[in-house]
Amino acid sequence: MDFNDTPAEAAFRAEARAWLEKNAKPRSSMTPTISGEDLTAEVVKQSQAWQKKKAEAGWACITWPKEYGGRGATPIQNAIWGQEQANFETPPDIFSIGIGMCGPTILTHGTPDQKKRWIPKLVTGEEVWCQLFSEPSAGSDLAGLRTSAVKQGNEWVVNGQKIWTSGAQWCQWGILVVRTDPTVAKHAGLTFFVVDMRSPGIEIRPITQINRGQGFNEVFFTDVRIPDDQRIDAVGNGWAVSITTLMNERMSIGSGMGVGAIEDLVGFASQLEIEGRPALEDRQVRERIAEYIVKARGLKYTSLRTLSALSQGKTPGPEASMSKLVGGILQQHAASFAMELAGASSALLDETAPAAAAWQERYLSLPGLRIAGGTDEILRNIIAERVLGLPPDARADKGLAFKDVPTGPPKRG
Amino acid sequence: MNFDFSDDQKLLQQTARDYLAANSPLSTCREILEGSQPYAASLWKGAAEMGWQGAVVPESFGGAGFGYLELAMIAYEVGRALAPIPFGPSVFVATEALLRHGSAAQQSAWLPKLANGSAIGTFALAEKPGQNAAEAIAATVKDGKLSGTKLPVADGDVANVAIVAAKEGGKTGLYLVDLAGAGIERKPLESFDPSRSQATIRFEGARCEPLAGADATAIARLLDRAAVLTAFEQIGGADRALEITREFIVGRYAFGKPIAANQAIKHRMADLWCEIEIARSNAYYAAWALANEDAELPVAACLARIAASEAFEKTTIEMIEFHGGVGYTWEYDCHLFYRRAKQLAGLLGTPKYWKNQLIDRLRSAKAA
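Residues numbered from 1 in each chain as written. Chains lettered and ligands numbered in written order. Predicted model: local features only at pLDDT ≥ 70, side-chain atom pairs only at ≥ 80, totals over all residues.

## Let's talk about the overall build of chain B
Using the following cut-off: Numbering goes from the N terminus for both helices and strands, where a helix is a DSSP run of H or I of at least four residues and a strand is a run of E of at least two. When we talk radius of gyration, it's over C-alpha atoms, and the globule rule is simply 2.2 Å times the number of residues to the 0.38. Three exposure classes are used, all based on how many other C-beta atoms lie within 10 Å of a residue's own C-beta (placed from the backbone): buried at 20 or more, exposed at 12 or fewer, and partly exposed between those limits.
Broken down by element type, chain B carries 11 helices and 10 strands. For a compact globule of 368 residues, the expected C-alpha radius of gyration is about 21 Å, and chain B comes in at 20 Å, within 12% of that figure. Split into buried and exposed, the 368 residues of chain B put 57% on the buried side.

Set out below in structure tokens:
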């Protein structure tokens, strides 16, 4: 066991840091890390420019194969890069879905032609991607989705509606899972595609969130045509492909929970007063902050253990669900507590109190993160069933063809 | 970077697990809990033959000369087995105190005996109920004679040598006391967890020797080391409690299905698993800091100790709840875990102490 860099790792870290120092500004500790969901064309441009700069210098998607524009780096090197990059101010990341989820899915399940076609432009940031999974009636029960694709000649004709699609209006491509056979059990009738978001018949409508952000959209499909060569993996194998995406999603949301910021609470509580003394001198305040930090550090070291498993050639399994589950609850509670410390000013969300505003912004963002990519309840089911081997929930749709699955209360005569 | 134990360390762990499975099933813990023996003497002897008590003691003193990562693995297995032996107080504290602060004469007098299990060591800090700060103790030393009362002292009834915190000329220090000497009166105490002994020791002019450099700060550092190793013992217990609970809820049927199929139970099991994993990750980091004498050790020890204390206690509370009525019976083993979790959390500073320390230490690390 060694938490220190090997000489080779230290050299890699120095190289990464040197490049970042030349190309970015250091991050100040109170910079909010969660906002920035509200994208504008200007922000998208900045984000693409930063991605291009990294790609040209060989610092984009570094674990991906060299032949597709990556660096062939190890997971440990990727973690080192992530640690170093986190110390710098970088534009909001519009590639977390494309690079965090779509790319790994295509690299795992795509044909060599598909990889050549899409991966290099993902690396350079030229093309932005989104994920078209959830539907109004299929969230936690994703496999119950109803958007359909019917084959006509060499094309598929898609009809239906997707929802919670982040950044759809800025994207060239989307990954899409649809129902191609309603006569078989729900998981067996799904197929996975890549869709051109500029295709005729696609309509995108933004959704306003509780934090006023408009990160999400509804996406409507009316007779949208997708060429068969944009199908990923076999017809009917869409669920297996989707699981690859979802596991990557949980890892990427979990690792982006910003739990490092929890330790900022120590500084925050020493600046505020309770009954004329620094809040941090209050025993209960100290103990509560200590409890949050124990969890945050535990998550950090857990991600390092996951890395070790990766570097030993093991595939991270359902354990990855933990960081999102524990991190989401932790951050929401910590933000709530920080606001409590701020007293009546906790109602303010403006520039007069930038440190407090960062916690308030978090408090408004966190409910979304606890739902996105698998709700707490779904993640607990995954841990209980797949890690602890507890029995699955009883399912009323088990063994039924999808078309026969109940979708609402029975009609009364 | 590598955040896992080595294959050799895992092999050592497996050997320890196999040995304890054969020689310390839960019935061994129960025998001590119910009987009149203060600890499992044959198990203690067997552990010494495996080299556990002397794991980090140099070979020149008859130890195994392993590192702290190996000792952490052994501590984990001792915890998993709820082994009823005075392992923590003797190995994590008394032996450590001698290794770090003992003179050459003190070390050669005691380390060989502690390493081969022929002597049991203990640590006497607390004097009364409540949180006992090293600065606030009343025991005093004058002219090499120790006076005062310590309560409770883990394994104080069976220990041969004690490391005692006392004040001399107003300054806190640690003193080595041969418990066979004169001026020492010990009395076993009824305990919440009778599988582990407790006693009170009254010193009246007992002969003692100071440990060099063991001031209040050094005592805190000594507690850090013991805290990391105890965290492994606690996580071992938590893992085993969760496994036993898992097995029970899968086999127990109600309303025509295993009770484990209910989300009310599944989800709480998932939460417990997360608590234990958080504790494990913090403990791994702390073990690394301990093995490398890293400057992060004071912070890492707090993290490991807080997380492990809470994970073990929470797991044992749910263990009884999920077992239902039988979980509350003397016959079932749930209460062995429930007791041990609380007993270990009370040793060496409660979570309250460690939480306050964590904030202090993070602040001074930041200021430095």
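## Concerning the overall build of chain A
Put simply, the test is: By the convention adopted here, residues are in contact when the distance between their C-beta atoms, placed from the backbone, does not exceed 7 Å.
A tally of helices and strands in chain A yields 11 helices and 12 strands. The C-alpha atoms of chain A give a radius of gyration of 23 Å, which matches the 22 Å a tight globule of 413 residues would have. In terms of overall dimensions, chain A has a C-alpha envelope of 70 × 60 × 45 Å along the principal axes. Sequence-distant contacts, at least 24 apart, represent 73% of the contacts inside chain A between residues at least 6 apart.

## Overview of the domain arrangement of chain B
Residues and elements named next belong to chain B. For the record, the criterion: How far each domain reaches was decided by an automatic or database domain assignment. Basically, the charged four are Asp, Glu, Lys and Arg, the nonpolar ten are Ala, Val, Leu, Ile, Met, Phe, Trp, Tyr, Cys and Pro, and anything else, Gly included, counts as polar.
As assigned here, chain B comprises domain 1 (7-116), domain 2 (121-214) and domain 3 (217-367). Each partner contributes residues to the interface: domain 2 has 12 residues there, and domain 3 has 11 residues. Of the residues belonging to the side of domain 2 that touches domain 3, the class tally is six nonpolar, four polar and two charged.

## A look at the packing of helix α5 (residues 87-101) of chain B against helix α6 (residues 104-116) of chain B
Residues and elements named next belong to chain B. Spelled out, the test is: Between N-to-C directions, angles cover 0 to 180 degrees, with each direction set by a line fitted to C-alpha atoms, over the stretch in contact for helices. Our angle categories are set so that under 35 degrees counts as roughly parallel, over 145 as roughly antiparallel, 65 to 115 as roughly perpendicular, and the remainder as oblique. Each crossing gets its handedness from the near helix: less than a right angle anticlockwise from the far helix is left-handed, clockwise is right-handed.
Contact pair α5 / α6: the axes reach a minimum separation of 10 Å and the direction vectors enclose 160°. The orientation of α5 relative to α6 falls into the category roughly antiparallel. Note on packing geometry: the crossing formed by α5 with α6 is left-handed. Facing S90, A94, T95 and L98 of α5, the residues of α6 in contact are Q106, Q107, W110, L111 and L114. In terms of residue class, the contact of α5 with α6 is built from five nonpolar, four polar and no charged.

## Observations regarding the interface of chain B and chain A
Contacts between the two partners involve 38 residues from chain B, matched on the other side by 41 residues from chain A. Elements supplying a minimum of two residues to the side of chain B that touches chain A: α7 (216-251), α8 (263-291), α9 (297-323) and α11 (351-367) of chain B. Ranked by the residues each element gives to the side of chain B that touches chain A, the list is headed by α8(B), at 17 residues. Counted by class, the side of chain B that touches chain A contains 24 nonpolar, six polar and eight charged residues.

## Looking at the domain arrangement of chain A
Residues and elements named next belong to chain A. You can read the domains of chain A as domain 1 (8-94), domain 2 (130-239) and domain 3 (257-387). Once you take the C-alpha centre of each, domain 1 and domain 2 turn out to be 30 Å apart. Across the boundary between the two partners, domain 1 contributes five residues, which contact five residues of domain 2. Class assignment for the residues of the side of domain 1 that touches domain 2 results in three nonpolar, no polar and two charged.

## Some remarks on the packing of helix α8 (residues 283-311) of chain A against α8(B)
If you want to describe how two helices pack, look at the angle between their axes and the distance between the axes. α8(B) packs onto α8(A) with a crossing angle of 75° between their chain directions and a minimal axis gap of 8 Å. Relative to α8(B), the element α8(A) lies roughly perpendicular. Residues V294(A), K295(A), R297(A), G298(A), L299(A), Y301(A), T302(A) and R305(A) of α8(A) form the contact with α8(B), whose own contacting residues are E277(B), I278(B), A279(B), S281(B), N282(B), Y284(B) and Y285(B). Here the residues of the contact of α8(A) with α8(B) are counted per class, giving seven nonpolar, four polar and four charged.

## Looking at the nonpolar core
This is how the line gets drawn: Remark: nonpolar core denotes a set of buried Ala, Val, Leu, Ile, Met, Phe, Trp, Tyr and Cys residues whose joining runs through C-beta atoms within 7 Å.
The biggest cluster of nonpolar side chains holds 231 residues, and the ones touching the most others in it are V164(B), A283(B), A286(B) and A304(B). Broken down by element, this core gets its largest block of residues, 17 residues, from α8(B).

## Focus on the environment of V387(A)
In this fold, V387(A) is placed in helix α11 (residues 376-387). In this structure, the C-alpha to C-alpha distance between V387(A) and P104(A), residues 283 residues apart in sequence, is 23 Å.

## Topic: unusual backbone geometry
With the exception of glycine, most residues fall at negative phi, and the peptide bonds are largely trans. Here the bond from L151(B) into P152(B) is cis, since omega is -10°, no more than 30 degrees from zero. Here P152(B) shows up in strand β3 (residues 145-154). Of note, W164(A) is a non-glycine position whose phi angle comes to about 65°, a positive value.

## What to know about the pairing of strand β7 (residues 198-207) of chain B
All names here are of chain B. Worth spelling out the cut-off: Two strands pair if DSSP finds at least two bridges between them.
Pairing of β3 with β7, which is carried by eight bridges, proceeds in the antiparallel orientation. Residue pairing across strands places G148 opposite F203, the latter belonging to β7. For strand β6 (residues 184-188) and β7, the ladder comprises five bridges, and the chain directions are antiparallel. Bridging from a neighbouring strand, R186 pairs with I201 of β7.

## A few points about the confidence of the model for chain A
The predicted structure's coordinates, where accompanied by low pLDDT, should not be read in detail. This is how it is decided: Per residue, pLDDT captures the predictor's confidence, and it can take any value from 0 to 100.
Model confidence for chain A is summarised by a mean pLDDT of 89, while 93% of its residues fall at 70 or above. Low confidence marks residues 30-36 of chain A, where pLDDT is under 50. Its contacts with residues over four positions away, or in another chain, come to 16 contacts.

## Some thoughts on the environment of Q161(A)
All names here are of chain A. Relative to the helices and strands, Q161 resides in strand β5 (residues 155-163). Take Q161: there are 18 C-beta atoms within 10 Å of it, and that puts it in the partly exposed class. For the pair Q161 and S134, spaced 27 residues apart in sequence, the C-alpha to C-alpha distance is 8.9 Å. Those residues within four positions of Q161 in sequence are excluded, and the remaining contacts are E135, P136, T147, E218, F220 and F221.

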